Amino acid sequence: SAIFYPAGYNGVVSVASTTTDDSKSSFSNFGTWIKISAPGSAILSTVPFGNYASNSGTSMASPMVAGLVGLMKSLNPGMPNEDLIQCLYNSADNLTNANPGFPGQLGAGRINAGSAMACVAATLNNAPIAEFTGTPTTIVQGNSVIFIENSLYNATNWQWSFPGGTPSTFTGRNPPAIVY
């Protein structure tokens, strides 16, 4: 139950391992610093020379979480990472009944891919949030600024306006350098 690093750092999705019946794997870490759980006991995996073997460990559980987050991101590439992680946590299956001796020590629960994808799918109707960066932020007359579009959620078309710049308008994701 002792916190360890890098799993214990803020911003890290720390993963505990569960068995086929949702109980905590005997070898798994646990504690209030764990964020989520995933299957990690008796996982069929590739091994050298084109073979497969059953392995166990949080090293088997963590890729389950990473793979699910990647799948979630593929459904809505513009979804902010914080929102993806919140969907991951909110969609997890409760582990309390299977682990009465570990209350609040196995994170939000065991990942549930179907529920996580449904959470992400619900965001596909969210209106886009316009966001961009410009470099440099201070310029001398005659120099240019590069604007990079970083809109959140589902931006599909863009209309830029650059009063005093050349060009003064642009329709597309990333405009050319704008000279002022």
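Just above sits the structure.
Residues numbered from 1 in each chain as written. Predicted model: local features only at pLDDT ≥ 70, side-chain atom pairs only at ≥ 80, totals over all residues. Heavy atoms only, no water.

This part covers the layout of surface pockets. What the largest pocket holds in volume is close to 190 Å³. Looking at the largest pocket, the residues that line it are P128, I129, A130, E131, F132, E149, S151, A155, N157, W158, Q159 and W160. Within the lining of the largest pocket, the residues separate by chemical class into 7 nonpolar, 3 polar and 2 charged. (1 Å grid on protein atoms, 1.4 Å probe; cavity = no way out; pocket = protein on both sides within 12 Å on 5 of 7 lines; lining within 4 Å. Points joined across faces, edges and corners; volume = space filled by probe spheres on them. Nonpolar A, V, L, I, M, F, W, Y, C, P; charged D, E, K, R; others polar.)

Applying the stated criterion to the full structure yields 3 salt bridges. D93 is the partner of R110 in a salt bridge, and the nearest nitrogen-oxygen pair spans 3.1 Å. A residue pair is termed long-range when its members are at least 10 positions apart, and R110 in the loop between helix 2 (81-90) and helix 3 (113-121) and D93 in the loop between helix 2 and helix 3 qualify at 17 residues. Classification of D93 by relative accessible area gives partly exposed; the value is 25%. (Salt bridge = Lys/Arg side-chain N within 4 Å of Asp/Glu carboxyl O. Helix = DSSP H or I, 4+ residues; strand = E, 2+ residues; numbered from the N terminus. Buried < 20%, exposed > 50% of the residue type's maximum accessible area, 1.4 Å probe, protein only.)

Our focus in this paragraph is a nonpolar patch on the surface. A cluster of nonpolar residues, I3, Y5 and Y9, forms a patch on the protein surface that exposes about 340 Å² of accessible area. Within the secondary structure layout, Y9 lies in the segment before strand 1 (15-18). (Patch = residues over 30% accessible without salt bridge, like charges linked within 9 Å, V, L, I, M, F, W, Y side chains within 5 Å. Areas by Shrake-Rupley, 256 points an atom, 1.4 Å probe, with all protein chains shown as cover.)

Geometry only, nothing functional implied.
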